[in-house]
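Coordinate inspection notes
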Amino acid sequence: MYTPESFEIFGQTITVKYSNCIRKLGAVGLYEHDSKVITVATHDIDDKPHDEDFMSATLYHEIIHVLLSYTGQYELNMNEQMVELMGQCLYQVLKTMK
Ligand SMILES: [Zn+2]
């Protein structure tokens with residue numbers, strides 16, 4: 001499973017963590033702008049492991065939140081449906097890129 005641990009945007013390093021701790025919040029992914037950390041849940045609320053596609057799609061959803069935060073698009077960043085669609089689209093592009 002491809003599990004990147006960080007990336008850079010506008011000279012800032014965003015750390016990516018994979019953890020079981022946020023599932024209790026009902027979240028599968030979380031981006032914390034102040035600490036520059038994305039957390040991707042490794043398991044669902046019933047302790048079933050998430051598969052690679054799900055975790056990757058979650059990561060790209062959170063990356064969209066990062067991009068919108070760093071570009072000052074705060075209203076778009078609150079639109080979870082749009083963020084999810086853009087994350088899915090980005091994931092498809094990168095997964096199928098040759
Ligand atoms: Zn979101």
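Each remark here, short or long, concerns the structure printed above.
Residues numbered from 1 in each chain as written. Predicted model: local features only at pLDDT ≥ 70, side-chain atom pairs only at ≥ 80, totals over all residues.

**Quick notes on the overall build of the protein chain**
When helices and strands are counted, the protein chain shows 3 helices and 4 strands. Helices (α) and strands (β) of the protein chain occur, in sequence order from the N terminus, as β-β-β-β-α-α-α. Here the C-alpha radius of gyration of the protein chain, 13 Å, is about what a compact globule of 98 residues would show, namely 13 Å. Once the C-alpha set of the protein chain is aligned to its principal axes, its extents read approximately 35 × 35 × 25 Å. Counting every position in the protein chain, which comprises 98 residues, the buried fraction comes to 22%. Long-range contacts, defined here as pairs at least 24 residues apart, represent 33% of the contacts in the protein chain between residues at least 6 apart. (Helix = DSSP H or I, 4+ residues; strand = E, 2+ residues; numbered from the N terminus. Rg over C-alpha atoms; globule rule 2.2 N^0.38 Å. Buried ≥ 20, exposed ≤ 12 C-beta atoms within 10 Å, placed from the backbone. Contact = placed C-beta atoms within 7 Å.)

**Some remarks on helix H1 (residues 52-70)**
Spanning 19 residues, H1 covers 27 Å between terminal C-alpha atoms, matching the ideal 27 Å at 1.5 Å per step. Turning to H1, the residues buried within the fold contact strand E2 (12-19), strand E3 (29-32), strand E4 (37-41), helix H2 (74-77) and helix H3 (80-96). (Expected span 1.5 Å × (residues − 1).)

**Some thoughts on unusual backbone geometry**
Of all residues except glycine, most have a negative phi; of all peptide bonds, most are trans. Here Phe10, not a glycine, exhibits a phi torsion of approximately 50°, which is positive. Within the fold, Phe10 resides in the loop between strand E1 (6-9) and E2. Located in the positive-phi region is Asp47, a residue other than glycine, with phi close to 70°. Here Asp47 is to be found in the loop between E4 and H1. Residue Asp47 is classed as exposed on the basis of its C-beta count, with 9 C-beta atoms lying within 10 Å.

**Points about the pairing of E3**
The side chains of a regular strand alternate between the sheet's two faces. Here E3 shows a clear split, with Gly29 and Tyr31 buried on one side and none of Leu30 and Glu32 buried on the other. Alignment of E3 against E4, held across 4 bridges, turns out to be antiparallel. Looking at E4, one finds that Tyr31 is bridged to Ile38. Hairpin connection of E3 to E4: 4 residues between the antiparallel strands, including Lys36 at a positive phi of 60°. (Pairing = 2+ DSSP bridges.)

**Quick notes on the pairing of E2**
Of the strand pairs in this sheet, E1 and E2 are connected by 4 bridges, and their pairing is antiparallel. Within E2, the residue paired with Glu8 across the bridge is Thr13. Linkage of E1 to E2, two consecutive antiparallel strands, is achieved through a turn of 2 residues, within which Phe10 is found at a positive phi near 50°. When E2 meets E4, the two strands line up parallel, connected through 5 bridges. Directly across from Lys17, in E4, lies its bridge partner Thr39.

**Some remarks on the packing of H1 against H3**
Close contact between H1 and H3 brings their axes to 8 Å; oriented N to C, the two are set at 120°. When the interaxial angle is binned, H1 and H3 end up oblique. In this structure, the crossing between H1 and H3 has a hand that is right-handed. Here Ser56, Ala57, Tyr60, His61, Ile63, Ile64 and His65 of H1 come into contact with H3, specifically with Val83, Glu84, Met86, Gly87, Gln88, Leu90 and Tyr91. (Axes fitted to C-alpha atoms, helices over the stretch in contact; angles between N-to-C directions. Parallel < 35°, antiparallel > 145°, perpendicular 65-115°, else oblique. Left-handed = near helix turned anticlockwise from the far one by under 90°.)

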